[in-house]
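Reading the structure
Residues per chain, in single letters:
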4 protein chains.
Amino acid sequence: MLIKCEEGINDENYARLIQEVEKHGLKVDKLSRLEGISIWLGVRGDCTKLSTQEFSKLPGVEDVQRVSSKFKLSGRQYHQVSTVVEVGGVKIGEGHPTVFMAGPCAVESEEQIMRIAKEVKDQGAVILRGGAWKPRTYPGHFEGLKEEGLVYLAKAKRETGLPIITEVMSSREVELIGRYTDIFQVGARNMQNYDLLDELGKASKPVLLKRGTDADIDVFLGAADRIIDGGNKNVLLCLRGITTFDRSQRYTADLYAIPDLKRKSHLPIIFDPSHAAGRRDYVPSLARMAIAGGVDGLIIETHYCPSEALCDGAQMILPKDLGELVQFARNIEKEVRRIK
Amino acid sequence: MLIKCEEGINDENYARLIQEVEKHGLKVDKLSRLEGISIWLGVRGDCTKLSTQEFSKLPGVEDVQRVSSKFKLSGRQYHQVSTVVEVGGVKIGEGHPTVFMAGPCAVESEEQIMRIAKEVKDQGAVILRGGAWKPRTYPGHFEGLKEEGLVYLAKAKRETGLPIITEVMSSREVELIGRYTDIFQVGARNMQNYDLLDELGKASKPVLLKRGTDADIDVFLGAADRIIDGGNKNVLLCLRGITTFDRSQRYTADLYAIPDLKRKSHLPIIFDPSHAAGRRDYVPSLARMAIAGGVDGLIIETHYCPSEALCDGAQMILPKDLGELVQFARNIEKEVRRIK
Amino acid sequence: MLIKCEEGINDENYARLIQEVEKHGLKVDKLSRLEGISIWLGVRGDCTKLSTQEFSKLPGVEDVQRVSSKFKLSGRQYHQVSTVVEVGGVKIGEGHPTVFMAGPCAVESEEQIMRIAKEVKDQGAVILRGGAWKPRTYPGHFEGLKEEGLVYLAKAKRETGLPIITEVMSSREVELIGRYTDIFQVGARNMQNYDLLDELGKASKPVLLKRGTDADIDVFLGAADRIIDGGNKNVLLCLRGITTFDRSQRYTADLYAIPDLKRKSHLPIIFDPSHAAGRRDYVPSLARMAIAGGVDGLIIETHYCPSEALCDGAQMILPKDLGELVQFARNIEKEVRRIK
Amino acid sequence: MLIKCEEGINDENYARLIQEVEKHGLKVDKLSRLEGISIWLGVRGDCTKLSTQEFSKLPGVEDVQRVSSKFKLSGRQYHQVSTVVEVGGVKIGEGHPTVFMAGPCAVESEEQIMRIAKEVKDQGAVILRGGAWKPRTYPGHFEGLKEEGLVYLAKAKRETGLPIITEVMSSREVELIGRYTDIFQVGARNMQNYDLLDELGKASKPVLLKRGTDADIDVFLGAADRIIDGGNKNVLLCLRGITTFDRSQRYTADLYAIPDLKRKSHLPIIFDPSHAAGRRDYVPSLARMAIAGGVDGLIIETHYCPSEALCDGAQMILPKDLGELVQFARNIEKEVRRIK
């Protein structure tokens, strides 16, 4: 529910209004919206049984509106101004250049991540990715270096200055990983791991939330709402391919959802071409399309020698291919923005 | 990898064989297979780099075979004899009557669960279901009574004698829920929550694992492998509908997968018609088809007054409808088995 | 639009009512509905711009209702009484035993079809299937014996007394095939071949219409409407599997749609387990589920030696397996009907 | 099967080779391939039972290879050089500027099509689209002006000089429509209407073949093969959205398939953003992504006043929006090509 206060509402009426909302066990946010200087309040929680009239007749209230979508906090109706997430000096969101996050699927050794960090930085990446905990579909495979991997990532960050993004798979590891990473990555398998989302809602670092492979956009934004509802507003929405009848690529790249997310949500949009394609030679093509679609960032698996990698070797590109994509983005960004 | 020992292998050779396997960081299981009196060993872990020859030349070894499927421990190749899971005197699996698990979506009060427990027992249910922790797609909705709900379930169990099944959503709650429940239920959203699966692998109670809504059968069995690999062999495979283009029902009931699971896995198969259909009037029809398909059990949301329920009201059936399904199962079971 | 006439409407008012409807370029049907002795009229054509008031004020009119679904003529709202299609003495529809249509994928020789016809008849089939025109995904493969195949089918019919069903793929062949067949079969690929549907709407023989592999139920019934709208009311709805992410079977058997079609349409429902499964060993299981779901008939590819067949060998069952299915249907039909 | 002749094969050996192939009931094509000056022959038909050895030992034969994909004639393996289709002076294919085909969903009147033709030409379209026969999911709706529509299209062509593309839905209309149109359009519903494809294989004008909404790429190319096998090599492959679980847009835009088609086929690729999106505001975004992906052309529903249209109003864009897309294409084409 959205409440628009009258221009110049006095402190007494404002306090009473807040009190009325909280009386129903609901939370209230002061929103940044576009329409001039009026104060808008966003009411969080189950408002289905409230009457809007009860609130609209309070002194100082100009208008009360229901939010029609199932998702609320991540939606444009609740929050019109596009969110810009800042991490280590890098700004991700509308009005800023496309951000490239790059690095290996998994951190495998200190040498490997140091070398990749330097090479992707040289090619234009501004955030370093690398998995320390790796989800594996079948037991008995390499599951990452765990904390050792985090230590190497931290060292790569110190040397290159690149902020880090790494995956967290359990509520029990949020505290530990949070001590090292700059952005938490939540994989598609955990998009509805509510215990994890709740823990991340309490964290102070941004969260890159990947779309579940069969999640409707509403459900995806519902998961983002869960994190924001916990208090963490810095959520990045990441498209990474969906499951469809066409199994010729690893997943079906959901580029079609870019305009949909832009219209419905104020959060930055990231695209992951690596997991969508599942094969190196299609990654640049998918990435270029996402750039032309106006995404705010890309996260791309990159390795100097993919064939040596312990996982996802088939889909990692070379640093020089990354560089070409960065160049492509720089060259067409003006065109993409001119039309938007 | 499967190793067939020579008939009458001596203790020394057997011990040496086990030692050889474990030297590679692999685990070994003694398997129950159908072919007479030979001892078969199942080797767990990443065997892709091992040579079968290395083992086949050891004294006492008759044959070494690779398991061709990606899943292993839950597969028929690894374990030919159908697994029967026993819980509180109820046997679930091949050769036993179709088991009915019934109860409300969520435990809402002591009175509610006590009344439903008695009514579903009267109609032929032998296991009581009821959610104490409820996953909700959007924040701000009823998420279950938590431990209070477990207490009520335990009381209903004492009064009716019905074993309990309830959902666990986080590794952090396995210990607590395990003190009350007889079967852990893992929802579709958590099918690849590996931290949870690993914790359940260490638990002593059976796990009903629901298929993820876009999981291939191989991937589903990979998740079951994860639990078995942890040491818990009592896994029930639950089909509950998949996501397809047809959104006219809540999910697309995956009845087609019943013969596939029967062929590929030795684990018991449960069908959940409630979440598949999402509407009460289709539940009996889907349930009857699953019974004719030869499932080992059904889990059905049942309530004396669905319209009063705090969640899933639209898909819960009445106890008398449950009774008709139990009767249908008893009447056709002979036919289903005759042909099998 | 549905018009309910007052009880005992006189001839003059009735004639005027019909005239009014036809004045708008619409067609009108006298419907058989359940509510006592009132006359109901169904109005066909685009009624979106008509006002119901215009008709409800006419003398002799008791009520005017809009049909809310996009499909009309095939819907229960328009036509409540279940349709029974009769062909060569065989009745297909509610209240009649499950009908078995069986035979080879393709007619390959006179000997082959004669032998199969006799064997499937012996096992309980009452209609003979066999393709004379075969749709093939890639050019350069066997496309059927064409008219020669029809001649053999006709001979098999004379010898066994079994009515015939065979596929028609083009409007240009409706006349020729109609001279031989008792039921026209329209494949999934042609579900929206409107030129063909229109031609079949003018034909005098029943049409078995297969669901397109990604057609929503509404769209499927829209295609049935097209045939009925042309004047041919004898349409059989055939479920044969849909395309989903799970490609482990040829198609995903859409058993879930059986209760949906029963509720929405008055037309008989047929299930084709052969094309759904794509492999012989799953066919009986899928067929048994469909029988328990209450389908009015099954169409099953059957061959005395599937491995010799020129197409679809992998999914054809043996005549004796067909016999077991017929027996299963006879044995549980009483149970299926008791509960319905 | 591909046969590579020895350099300088003499006429006698060449003739004998052709004879050998044709003896097996197979057809043979002289291929344009990249590897220097050798002659390559493509053998069409079912080669599965032929032995490659039989041919490789013939005098003048250097090598015999099997085509491993199920599709052949439309594949790069069979025909390496990218096909460029020319129609009315417009070249469609690799190395040529992105071609814009635009116009209304349906031709509704002479005035309408004349005005739209002029406006889209002014904005940079080089081919005029407009439906004279319209497929409709439910009976009783506007199905196009039929031949009258063709007459108006022809007039618009005379006035503007724009070649025409219009849909053909039945083999029976190929001759009539072929008298007016420059390109035949085959809709997704008819992608496997073999009678129609066969008739178009005999036609002399290019065919734009839309991908069926659940067709795998192999199956799509199989349909293209059917047309080429009939003798018509000028096939344009059109992506127009597929059916997936996500129903928030009319279809799921299959942009992901662009790199796949480019790799597998030599035929030009067209993208249709209008039917994919189903809503006007997403069309430019999808179109821009397709351009960045390197498609050879776009077909976009365009109307000066979409709200007046008899069909597809919601998805038609305005001529000025088309102009912006043309400009975007011109501005980034250099970048797209530089990297390719």
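The numbers attached to residues start from 1 for each chain and follow its sequence in the written order. Lettering of chains starts at A and numbering of ligands starts at 1, both following the order in which they are written. The predicted nature of this model means local features are confined to residues of pLDDT at least 70 and side-chain atom pairs, given and counted, to a pLDDT of 80 or more, with totals for whole chains, interfaces and linings taken over all residues. Derived side-chain values reflect all non-hydrogen atoms in the structure, with water molecules and hydrogen atoms excluded from consideration.

**Let's talk about the sheet that holds strand 2 (residues 27–31) of chain B**
All names here are of chain B. Ordered in space as 2-3-1-4, the 4 strands form an open sheet in which the pairing is antiparallel. Looking along the sheet, the strands with just one partner apiece sit at the ends: strand 2 and strand 4 (61–65). Taken pair by pair, the neighbouring strands of this sheet meet at an average axis angle of 25°, ignoring direction. At least two DSSP bridges between two strands are required for those strands to pair. To qualify as a helix, a DSSP run of H or I must reach at least 4 residues; to qualify as a strand, a run of E must reach at least 2; elements of each kind are numbered from the N terminus. As paired strands, strand 1 (residues 2–5) and strand 4 are joined by 4 bridges and run antiparallel to one another. What sits directly across from L2, in strand 4, is Q65. Contacting strand 1, strand 2, strand 3 (40–44) and strand 4, helix 1 (residues 11–23) crosses the sheet at an angle of about 135° to strand 2. Throughout, an axis means a line fitted to C-alpha atoms (over the contacting stretch in the case of helices), and angles, computed between N-to-C directions, take values from 0 to 180 degrees. Any pair of residues with heavy atoms lying within 4.5 Å of one another is described as a contacting pair.

**A short note on the pattern of salt bridges**
Residues and elements named next belong to chain A. Every case where a carboxyl oxygen of Asp or Glu lies within 4 Å of a side-chain nitrogen of Lys or Arg is listed as a salt bridge. Under the definition given, this model contains 98 salt bridges over all chains. Here R115 ties to E119 by a salt bridge, and the two come within 2.8 Å at their closest N and O atoms. Of the two residues, R115 and E119 are both situated in helix 3 (residues 110–122); the distance of 4 residues between them amounts to about one turn of the helix. When salt bridges that share partners are traced, they join K27, D29, R44 and D229 into one network.

**Re the interface of chain D and chain A**
Each partner contributes to the interface: chain D provides 41 residues, whereas chain A provides 42 residues. The quantity reported as buried area is the accessible area (1.4 Å probe) lost by two parts once they are put together, taken as the sum for both. For the chain D and chain A pair, buried surface summed over both sides reaches about 3400 Å², with 62% attributable to carbon and sulfur atoms. Our count for the contact surface shared by chain D and chain A stands at 2 salt bridges. Whenever two N or O atoms come within 3.5 Å, that pair is a polar contact, provided that in protein one can donate a hydrogen and the other can accept it, and provided that, for residues adjacent in sequence, both atoms are side-chain atoms. Summed over the shared surface of chain D and chain A, the result is 12 residue pairs in polar contact (both at pLDDT 80 or more).

**Let's talk about the domain arrangement of chain A**
Many authors give the size of an interface as the accessible area that is lost as the parts come together. Per the domain assignment, the segments making up chain A are domain 1 (2–65) and domain 2 (85–339). Domain delimitation follows an automatic or database domain assignment. One C-alpha centre belongs to domain 1 of chain A, the other to domain 2 of chain A; they are set 37 Å apart.

**Observations concerning the state of the cysteines**
Residue and element names in this part refer to chain C. The disulfide criterion used throughout: a pair of cysteine sulfur atoms within 2.5 Å. For the structure on display, the rule yields 0 disulfides over all chains. A disulfide-free cysteine, C238 has its sulfur positioned 14 Å from the sulfur of C105, the nearest such atom. For C238, a relative accessible area of 0% corresponds to the buried category. For each residue, the accessible area found with a 1.4 Å probe, counting protein chains only, is set against the maximum for its type, and the residue is called buried under 20%, exposed over 50%, and partly exposed in between.

**Notes on the interface of chain C and chain A**
Contacts between chain C and chain A engage 5 residues on the former and 5 residues on the latter. Between chain C and chain A lies a buried interface of about 310 Å² when both sides are counted; carbon and sulfur atoms form 62% of it. When residues of chain C are sorted by the area they lose upon contact with chain A, T243(C), F245(C) and R247(C) head the list and together hold 94% of the total. On inspection of chain C and its partner chain A, the count reaches 0 salt bridges. Classification convention: Asp, Glu, Lys, Arg as charged; Ala, Val, Leu, Ile, Met, Phe, Trp, Tyr, Cys, Pro as nonpolar; all other residues, Gly among them, as polar. Partitioning the side of chain C that touches chain A into residue classes produces 1 nonpolar, 2 polar and 2 charged.

**A short note on the environment of D218(A)**
When you line up the elements, D218(A) lands in helix 7 (residues 217–229). D218(A) sits in the partly exposed class, given a relative accessible area of 28%. For the pair D218(A) and G75(A), spaced 143 residues apart in sequence, the C-alpha to C-alpha distance is 9.6 Å. Contacts of D218(A), omitting those with residues within four sequence positions, involve F71(A), K264(A) and Y138(B).

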